[in-house]
Amino acid sequence: MVPKGKLVIIGGAVDLGSSLNYNENISHPHYIKFFEQGILRRVIVESAKAENSIVEVITTASQIPDIVGAEYIKSFNQLQVNNVNVLDIRSRTDAANKEYLDRIAKADVVMFSGGDQLRLSSIFGGTPFLQILKKRYHQDNFLIAGTSAGAAAASTNMIYRGSSSEALVKGEVQITAGLGFVDSVIVDTHFVQRGRIGRLFYAVASNPGMLGIGLGEDAGLLITDGNCMEAIGSGLTILVDGRYISETSIYDVEIGSPVSIDGLKVHVMSLFDKYDLEKHNLEIRKALKVEEGVFLKVKDYDN
């Protein structure tokens, strides 16, 4: 069934939810600033009710939910979106709370913050909360967005562990079930900045039927009709296609040994490029700058 809803996955910036940088002043986090006129603005444009949308921010992945939630409220308010609330869900019991279920049943936009994606899958998996989200995504004009951990957990399968430096060693990258909003892909975030290309290569080599999506910081994808992906934000998105792998040693070598792969296909997407998940084709489109620092249109090549 083709979803009526929309999905936005975002690569993130400074991840204050899972591994704090103690040199930063976390009482004034700036990692959401880049959303304000770019990706976050696009989320509101794509929402059925625009600035009048009811937005619920889910901070479950974060270790500092109060700070993160307040920053999202502030950022949405700067976009004239004032009906913004935080769902501070910290346990599976919370995920069954009737008040929270009623709130997501009435929301127009749900935004998952960054942090630890394993918290999202372990807290929401199999709950009425996730069932309602999936039902609304498929049946309603409803928008689900997630950044960092929220993006990584959006797919049916997700990476939850694996260092960048040892990623192409068998057994180093760990994959588990995600929230299941989009099939046949696996998502990694902070991709360019943290050098996670090997991690995604390994994930795709072990699951060649899935398209690997590596989201850079200030990079996102708007997914409509369940299969049309449009690049949003100023960053780059890397796609890794494993369907053409001709040979790999992943099933022969011992745990802890390096893995060889032949035949991976790689695409690079930037702003407004589109990729069809069914046809597996990339359409490169040139962005037209229409406001200072903000790209909202595609160049019309007929004019």
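(A) The arrangement of unusual backbone geometry in detail. In this structure, Ser-184 takes a positive phi of about 65° despite not being glycine. Along the polypeptide, Ser-184 turns up in the loop between strand S7 (174–177) and strand S8 (185–188). Under the relative-accessibility criterion, Ser-184 is labelled partly exposed at 48%. The backbone of Phe-272 sits at a positive phi, close to 80°, despite the residue not being glycine. As for its position among the elements, Phe-272 is in the loop between strand S15 (265–269) and strand S16 (274–276).

(B) Just helix H5 (residues 128–139), in detail. Compared with an ideal rise of 1.5 Å per residue, which puts twelve residues at 16 Å, H5 spans 16 Å between its outermost C-alpha atoms and is within 8% of the ideal. Considered for burial, the residues of H5 that qualify are Phe-129, Leu-130, Leu-133, Arg-136 and Tyr-137. Looking straight down H5, one finds its buried side chains confined to an arc of 130°; they lie on one side. Turned more than 90 degrees away from the buried face of H5 sit Gln-131 and Lys-135, all of them exposed.

(C) Spatial organisation of the packing of aromatic side chains. One pass over the full model with this rule turns up four aromatic pairs. An angle of 45° between the planes, with centres 6.4 Å apart, marks the rings of Phe-112 and Phe-181 as tilted. Taken as a pair, Phe-112 in strand S4 (residues 109–112) and Phe-181 in the loop between S7 and S8 lie far apart in primary sequence, 69 residues in all. Each member of the pair, Phe-112 as well as Phe-181, is classed as buried. Taken together through their ring pairs, the aromatic side chains of Phe-112, Phe-124, Phe-129, Tyr-137 and Phe-181 make up a single cluster.

(D) The arrangement of the pairing of strand S2 (residues 55–58) in detail. Burial along S2 is two-sided: the face carrying Val-55 and Val-57 and the face carrying Glu-56 and Ile-58 are both buried. In this region the chain leaves S2, passes through helix H2 (residues 65–78) and returns to the parallel neighbour strand S3 (residues 84–87); the handedness of that crossover is right-handed. Pairing between S2 and S4: four bridges, direction parallel. Bridging from a neighbouring strand, Ile-58 pairs with Phe-112 of S4.

(E) Region of interest: the pattern of salt bridges. As enumerated under the stated definition, the model contains 13 salt bridges in all. Lys-98 is the salt-bridge partner of Asp-102, the closest N and O atoms lying 2.9 Å from each other. Here the residue Asp-102 and the residue Lys-98 both occupy positions in helix H3 (residues 98–106), the gap between them amounting to four residues, near one helical turn. With its nearest N and O atoms 3.4 Å apart, the salt bridge here joins Arg-103 to Glu-99. In this pair, Arg-103 and Glu-99 both sit in helix H3, four residues apart, roughly one turn of the helix. Three or more residues joined by partner-sharing salt bridges are found here, namely Lys-6, Arg-42, Glu-46 and Glu-230.

(F) Focus on the confidence of the model for the protein. Averaged over all residues, the pLDDT of the protein is 84; the fraction at 70 or higher stands at 83%. Of all secondary-structure elements in the protein, the lowest mean pLDDT belongs to strand S19 (residues 294–298), at 55, while S2 reaches the highest, 98. Confidence drops under pLDDT 50 across residues 14–34; counting only partners more than four residues distant or on other chains, this segment forms 36 contacts.

(G) Just the sheet that holds S16, in detail. Across the sheet, which stays open at both edges, the nine strands sit in the order S3-S2-S4-S5-S1-S10-S11-S16-S17 with mixed pairing between neighbours. This sheet does not close on itself; its edge strands, each paired only once, are S3 and strand S17 (281–283). The average angle at which neighbouring strand axes cross in this sheet is 20°, direction not considered. Inspection of the sheet shows strand S11 (residues 228–232) paired to S16 by three bridges, in the antiparallel sense. Looking at the pairing, Met-229 lines up with Tyr-275 of S16. Where H2 meets the sheet, its contacts fall on S2, S3, S4 and strand S5 (143–147), and the angle it forms with S3 comes to roughly 160°. Against the sheet, H3 contacts S2, S3 and S4, and its axis sits at roughly 140° relative to S3.

(H) Fine view of helix H7 (residues 197–206). For H7, a buried count of eight out of ten residues is recorded, marking the element as mostly surrounded by other parts of the structure. Every buried residue of H7 is accounted for by Gly-198, Arg-199, Leu-200, Phe-201, Tyr-202, Ala-203, Val-204 and Ala-205.

(I) Broad picture of the nonpolar core. Ranked by size, the top nonpolar core spans 43 residues in total, and within it Phe-112, Phe-124, Phe-129 and Phe-181 carry the most contacts. Sorting elements by how many residues they give to this core places H5 first, with four residues. Among residues more than four places away in sequence, those in contact with Phe-124 are Ile-58, Thr-60, Ile-89, Arg-92, Ala-95, Phe-112, Phe-129, Leu-130 and Leu-179. Ranked by size, the runner-up nonpolar core spans 21 residues in total, among them Val-68, Tyr-72, Leu-79 and Val-109.

Each value, and the rule that gives it
In this numbering scheme, every chain counts its residues from 1 along its sequence in written order. Totals for whole chains, interfaces and linings use every residue, but because this is a predicted model, local features are given only for residues with pLDDT of at least 70 and side-chain atom pairs only at 80 or more, for both listing and counting. Excluded from the side-chain calculations are hydrogens and water; all other atoms, namely the structure's heavy atoms, are used. Going along the chain from the N terminus, every DSSP run of H or I of four or more residues is numbered as a helix, and every run of E of two or more is numbered as a strand. Only protein chains enter the accessibility calculation, which uses a 1.4 Å probe; a residue is then buried when its area is under 20% of its type maximum, exposed when over 50%, and partly exposed in between. Helix span, as expected, comes to 1.5 Å for every residue beyond the first. Directions are taken from the helix axis to each C-beta atom, and the arc is the one they span. Each Phe, Tyr or Trp ring (for Trp, its six-membered ring) is paired with any other whose centre lies within 6.5 Å, and the angle between the two planes then decides the class: stacked below 30 degrees, edge-to-face above 60, tilted in between. When the strands point away from the viewer, a crossover counts as right-handed if the route from the first strand across the helix to the second turns clockwise. Two strands are counted as paired when DSSP detects at least two bridges linking them. Only one rule defines a salt bridge in this text: a Lys or Arg side-chain nitrogen within 4 Å of an Asp or Glu carboxyl oxygen. pLDDT gives the predictor's per-residue confidence on a scale running from 0 to 100. Any pair of residues with heavy atoms lying within 4.5 Å of one another is described as a contacting pair. As a rule, the C-alpha atoms of each element are fitted with a line to give its axis, helices using only the stretch in contact, and angles between N-to-C directions run from 0 to 180 degrees. What makes a nonpolar core is a set of buried Ala, Val, Leu, Ile, Met, Phe, Trp, Tyr and Cys residues whose side-chain atoms join them at distances within 4.5 Å.

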